[in-house]
Amino acid sequence: PSPPSIPPTGGPPGMGEPVGCCERVAINVAGRRFETLGRTLLRFPDTLLGDPRRRRRYFDPQRREYFFDRHRGAFGAVLYYYQSGGRLRRPPDVPLDVFLEELRFYQLGAEAEGRLREAEGFGVEVAQPLPGGRLRRRAWLLCEHPESSPAARAVALLSVLVILVSIVVFCLETLPQFRAGGEGSAQPQTPPPISANVNASSPPSPRGGLTDPFFVVETICICWFSLELLVRLLASPSKTAFFRNAMNLIDLIAIAPYFVALGTELAQQRGVGQPAMSLAILRVIRLVRVFRVFKLSRHSTGLQILGQTLRASMRELGLLIFFLLIGVVLFSSAVYFAEAEDAATSFTSIPQAFWWAVVTMTTVGYGDMAPVTVGGKLVGSLCAIAGVLTISRPVPVIVSNFSYFYRRELRGEGGGEY
C-alpha cells in the first residue's frame, strides 16, 4: 500500500479530510470561514481548490477545514468563480494587482486571468514578434527596443535630441524678431511667399526661403526622421501591423508637413499658386507640426504608461465629461436667473455663462466673469463644490490603472530579454 499523503492524526475516521462530492468543505481564509459543497469545487479540477491532491497540504485535521493565509477580501470572488461556473468579478475594494496575485495562487488559469483583464479594460498581453533575418532583426531592435543594447540606447538618445531641437525651432519661429519684417530681424533675401497684407498674428513666413537657418535645421531633423521611419518600415515583421500602429502614424504625420511646405515654397518661387492658398496651407502645416511632441512617447516609458492609463480609463473619463456637461448646463442656468436683476451683469444669456461654469467647476477661476448678487454667489459656491466632487470621483480609478501599468512595466523591464 502507498504511504499516506498526510500524517495520521490518531483521531476517529470522522476527523479526516472531506472527499465526497456532496460533503460540505470548510475553507478558512485569514480567519474568515467559508463553506461550500465538494462538487462545487470539482467543477474546475485543474485549479488548486478543485484538485483534492493539491489542496490537501492546506487541510487542518483538528478543525476539519482548509486554511489559507491569503487575502480574505478577494476569496469571496474566487469562491463565486466556482459557484457561478466561471464568472469572475474583482471586488471594488481589492486592488487589481493584489487580485491577480490571488488568482495565480489559486491557479485559476491564464484564461480566467485574461477574461478579467478584458473586463477591467486591459488588453491581453501579447508577445511582440521579431522580424526574421539577422540584419532585419538587428535593425528592428536598434530602432524599436532601446533597452536591447547600448547602441540602441544611443540611437534613442539621438532621436530624443533631434525631436527636442525640432520642437525648439518650431517655438523660436514664432518670436517677433524672427518673423519676416519684424523688429530687429534681417531683411529677407528673397521675396516672402506670403502677401504683404498678412498681419502679425499670421503664422510666420520664412525669412530667407530655402536658405533660412530655421529651414536648414528643420531639413536636418526631417532627414533623420525620414531615415528612422524608413529603417523601421523595412525591418518591421509585419507591414500591415506597422501602419496600424498609432505611433508610426504620428511619425508619418510629423514628416509630411515638411514636404508640403517645401512644395508650396518651390511653387511660390516659380510663381505658381495663389498667396492666399499658400497662407492657408502654411497655417495647417504649422498646426500639424505640433504632433512632433508625441514622438517623445516612443522613447519615454512614462508617457507610454500615461497613454495606456488614459486609454484604460476612457469609461471613467467619459462619465466625468458627462457629469461636467450636466453641471455646466445646470449652474449656467441657475446663475443666469440669479443675476438677471443686475443690469451690469456679465451673464447676459445661458450660453454666455457656460464659460464661467466650466472654469468654476474645474477650479480654474480666471475672474473674467463673476457673480455680484447674493443668489449668484451662492450658486457659484455650489458650482465650485460640485466641481471638486465631480472631478475627484474618477481619480482613484485612474490612479489604480496607472499603478497597474507602472508595475507591469517594471516586471517587463526586469524579465525582458531580446
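Our structure's up above, just so we're on the same page.
Description of the structure in this document. (Residues numbered from 1 in each chain as written. Predicted model: local features only at pLDDT ≥ 70, side-chain atom pairs only at ≥ 80, totals over all residues. Heavy atoms only, no water.)

**Points about the overall build of the protein chain**
Now for step 1: In terms of helices and strands, the protein chain carries 16 helices and four strands.
Now for step 2: The buried share among the 418 residues of the protein chain stands at 34%.
Now for step 3: The long-range fraction of contacts in the protein chain, counting pairs at least 24 apart against all pairs at least 6 apart in sequence, stands at 63%.
Now for step 4: In the structure as shown, the protein chain presents an accessible area of about 24600 Å², 63% of it carried by carbon and sulfur atoms. (Helix = DSSP H or I, 4+ residues; strand = E, 2+ residues; numbered from the N terminus. Buried < 20%, exposed > 50% of the residue type's maximum accessible area, 1.4 Å probe, protein only. Contact = heavy atoms within 4.5 Å. Areas by Shrake-Rupley, 256 points an atom, 1.4 Å probe, with all protein chains shown as cover.)

**Examining the environment of Ser 166**
Now for step 1: Along the chain, Ser 166 falls in helix 7 (residues 150-172).
Now for step 2: On the basis of relative accessibility, which here comes to 1%, the residue Ser 166 falls in the buried class.
Now for step 3: Note: C-alpha distance between Ser 166 and Ile 222 (56 residues apart in sequence) is 8.7 Å.
Now for step 4: Among all residues touching Ser 166, those that are not within four sequence positions of it are Glu 218, Cys 221, Phe 225 and Arg 292.

**Brief notes about the packing of helix 12 (residues 301-312) against helix 13 (residues 314-338)**
Two measures define how a pair of helices packs: the angle their axes make with one another and the distance between the axes.
Now for step 1: At a closest axis distance of 5 Å, the pairing of helix 12 and helix 13 adopts a crossing angle of 65°. On helix 13, the residues that touch Leu 310, Arg 311 and Ala 312 of helix 12 are Met 314, Glu 316 and Leu 317. (Axes fitted to C-alpha atoms, helices over the stretch in contact; angles between N-to-C directions.)

**A word on the packing of aromatic side chains**
Now for step 1: Overall, the coordinates contain 20 aromatic pairs when judged by the stated rule.
Now for step 2: Note on Tyr 58 and Phe 68: the rings are 4.7 Å apart at their centroids and 35° apart in plane angle, and the pair reads as tilted. Of this pair, Tyr 58 sits in the loop between helix 2 (52-55) and strand 3 (59-60) while Phe 68 is found in strand 4 (residues 65-68), placing the two residues 10 residues apart along the sequence.
Now for step 3: Among the residues examined, Tyr 58 registers a relative accessible area of 22% and is labelled partly exposed.
Now for step 4: Its relative accessible area of 1% is what places Phe 68 among the buried residues. (Phe/Tyr/Trp six-rings, centres within 6.5 Å; stacked < 30°, edge-to-face > 60°.)

**Quick notes on a nonpolar patch on the surface**
Now for step 1: Together, Leu 319, Phe 322, Phe 323 and Ile 326 give the surface a local cluster of nonpolar side chains, amounting to about 370 Å² of exposed area.
Now for step 2: Within the secondary structure layout, Phe 323 lies in helix 13. (Patch = residues over 30% accessible without salt bridge, like charges linked within 9 Å, V, L, I, M, F, W, Y side chains within 5 Å. Salt bridge = Lys/Arg side-chain N within 4 Å of Asp/Glu carboxyl O.)

**Considering the pattern of salt bridges**
Now for step 1: Tallied over the entire structure, the rule returns 11 salt bridges.
Now for step 2: Salt-bridge contacts for Arg 54 lead to Asp 51; the nearest nitrogen and oxygen are separated by 3.2 Å.
Now for step 3: Between Glu 111 and Arg 115 there is a salt bridge; the shortest N-O distance is 3.3 Å. Taken together, the residues Glu 111 and Arg 115, both in helix 5 (residues 110-119) and four residues apart, mark about one turn of the helix.
Now for step 4: Given a relative accessible area of 60%, Glu 111 falls into the exposed group.
Now for step 5: With a relative accessible area of 36%, Arg 115 lands in the partly exposed category.

**Some points on helix 14 (residues 350-361)**
Now for step 1: With 12 residues, helix 14 ought to run about 16 Å at 1.5 Å a step, and its terminal C-alpha atoms sit 16 Å apart, in line with that.
Now for step 2: All buried positions along helix 14 are accounted for by Ala 353, Trp 356, Ala 357, Val 359, Thr 360 and Met 361.
Now for step 3: On its buried side, helix 14 packs onto helix 13 and helix 15 (374-392).
Now for step 4: You can read the cap of helix 14 off the contacts: a side-chain oxygen lies 3.2 Å from the backbone nitrogen of Gln 352, and it is on Ser 349. (Expected span 1.5 Å × (residues − 1). Polar contact = N/O pair within 3.5 Å; in protein donor to acceptor, adjacent residues only side chain to side chain.)

**Observations regarding the sheet that holds strand 4**
Now for step 1: Spatial strand order, 2-1-4-3: four strands in an open sheet with mixed pairing. Single-partner strands in this sheet number two, and they are strand 2 (32-37) and strand 3.
Now for step 2: Here strand 3 pairs with strand 4 via two bridges, running antiparallel. Following the sheet pairing, Phe 59 is matched in strand 4 by Tyr 66.
Now for step 3: Along the sheet, helix 3 (residues 72-84) contacts strand 1 (24-29) and strand 2; its crossing angle with strand 2, the most-contacted strand, is approximately 5°. (Pairing = 2+ DSSP bridges.)

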